[in-house]
Amino acid sequence: TLDFAPTYISPTIARRYRTPPVSAKADWSGIIHSEDEEAFLKGFASLQESGRQVREYRLLDHDGGWRWIQEELTLVRDEEPGADCILGVLADITDRVVEAHATEEMFVDFTAAASDWLWETDTEHRFTAVYGGNSANRAHWAQNGVGKTRLELRVPETGDEAKWRTHMADLE
């Protein structure tokens, strides 16, 4: 439960989504997807610091389904203590999220059928995801390789040491 109440919810939003009543303490439990609720509530604390926030979460609609929402919040400060106001704009991004998930699933299916390995790394060259190859090897790499660098996973007695050093220098 939040320590403030909405003072206005547009009729369009109220018709489409289940929202807490105006002028009532905002109880979002059961309205925000349980996997998104903690981040949703913590987001208000970070809004106090930044003054602006864009976030995505799932909101329950009147048909009992979950819709993906992108919410842009702006904190409007008042000189009088406790009189701050949060302005929010919501956009339904469900179609975009569903399409992105479908694209990701197609990519995973494609790489699973490929004989080659594909992987993603972060800016520090740590593996973040592994795709392709057979499922046993992929599971091994996902469990043992994600979060590590190639250098950490290298078997020292394999390969040409000079080529390895050149490769690592190229990554830097």
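Only a predicted model underlies this, so the values are computations on that prediction, with no experimental measurement involved.

Thresholds applied
Residues numbered from 1 in each chain as written. Predicted model: local features only at pLDDT ≥ 70, side-chain atom pairs only at ≥ 80, totals over all residues. Heavy atoms only, no water. Patch = residues over 30% accessible without salt bridge, like charges linked within 9 Å, V, L, I, M, F, W, Y side chains within 5 Å. Areas by Shrake-Rupley, 256 points an atom, 1.4 Å probe, with all protein chains shown as cover. Salt bridge = Lys/Arg side-chain N within 4 Å of Asp/Glu carboxyl O. Lys, Arg positive; Asp, Glu negative; His and termini not counted. Charge placed at Lys NZ, Arg CZ, Asp CG, Glu CD. Helix = DSSP H or I, 4+ residues; strand = E, 2+ residues; numbered from the N terminus. Core = buried A, V, L, I, M, F, W, Y, C linked by side-chain atoms within 4.5 Å. Buried < 20%, exposed > 50% of the residue type's maximum accessible area, 1.4 Å probe, protein only. Contact = heavy atoms within 4.5 Å. Pairing = 2+ DSSP bridges. Axes fitted to C-alpha atoms, helices over the stretch in contact; angles between N-to-C directions. Expected span 1.5 Å × (residues − 1). Bend = angle between axes of the 7 residues up to and from the residue. Phe/Tyr/Trp six-rings, centres within 6.5 Å; stacked < 30°, edge-to-face > 60°.

> What should I look at first to understand a negative patch on the surface in this one?
Together, Glu104, Glu105, Asp109 and Glu120 give the surface a local cluster of negative charge. With 3 residues, the top contributor of residues to the negative patch is helix α3 (residues 94–113). For Glu120, the position within the fold is in strand β4 (residues 117–121).

> What's the story with unusual backbone geometry in this structure? I'm lost.
With the exception of glycine, the majority of residues adopt a negative phi angle, and the majority of peptide bonds are in the trans configuration. Phi at His125 takes a positive value of approximately 65°, unusual for a residue other than glycine. Mapping His125 onto the fold places it in the loop between β4 and β5 (127–132).

> Sorry if this is basic, but what is going on with the nonpolar core here?
For soluble globular proteins, nonpolar side chains are generally found buried alongside one another. Ranked by size, the top nonpolar core spans 13 residues in total, and within it Tyr57 and Leu59 carry the most contacts. The set of elements that each furnish at least two residues to this core consists of α2 (34–50), β1 (52–60) and β2 (66–76). Sequence-distant contacts of Tyr57, defined by excluding residues within four places in its chain, comprise Ile32, Asp36, Phe40, Arg67, Trp68, Ile69, Glu71 and Leu90.

> Where do I start with the sheet that holds strand β3 (residues 85–92) in this structure?
Across the sheet, 3 strands lie side by side as β1-β2-β3; this open sheet has antiparallel pairing. Two strands lie at the open edges of the sheet, namely β1 and β3, each paired on one side alone. Within this sheet the neighbouring strands show an average axis-to-axis angle of 30°, counted without direction. With 8 bridges connecting them, β2 and β3 associate as antiparallel partners. If you follow Val76 over to β3, its bridge partner there is Cys85. In the packing of α2 onto the sheet, contacts are made with β1, β2 and β3, and the angle to β1 comes to roughly 160°.

> What should I look at first to understand α2 in this one?
Given 3.6 residues per helical turn, the α-helix brings residues three or four places apart onto the same face. The first and last C-alpha atoms of α2 sit 25 Å apart over 17 residues, in line with the 24 Å expected at 1.5 Å per residue. Taken as a whole, α2 carries its principal kink of about 30° at Phe44. Looking at the buried positions of α2, the neighbouring elements they touch are β1, β2 and β3.

> Teacher, can you tell me more about the pairing of β1 here?
As a general feature of sheets, a regular strand has side chains that alternate between the two faces. Judged from the 9 bridges that link them, β1 and β2 form a sheet pairing that is antiparallel. From the neighbouring strand, Glu56 faces β2, where its bridge partner is Gln70. Here β1 folds back onto β2 in antiparallel fashion, the turn holding 5 residues, of which Gly64 has a positive phi close to 90°.

> How should the side chain of Gln53 be read in this particular structure?
Here Gln53 shows up in strand β1. Discounting chain neighbours no more than four positions away, the residues touching Gln53 are Gly43, Ser46, Leu47, Glu71, Glu72 and Leu73.

> In this structure, what is going on with the pattern of salt bridges? I would like to understand it.
Opposite charge on two side chains permits pairing when their charged atoms draw close. As enumerated under the stated definition, the model contains 9 salt bridges in all. The network of salt bridges with shared partners includes Glu35, Asp36 and Arg58.

> I would appreciate a short explanation of the packing of aromatic side chains in the present structure.
Two aromatic rings, taken as a pair, are described by how far apart their centres are and by the angle between their planes. What the rule picks out here adds up to 1 aromatic pair. Summarising the aromatic geometry, the rings of Phe40 and Tyr57 are spaced 4.9 Å apart at their centres and angled 70° between planes, so their arrangement reads as edge-to-face. Of this pair, Phe40 sits in helix α2 while Tyr57 is found in strand β1, placing the two residues 17 residues apart along the sequence. Tyr57 matches Phe40 in its accessibility class, with the two residues each being buried.

Bear in mind that shape data such as this cannot, by itself, settle questions of function.
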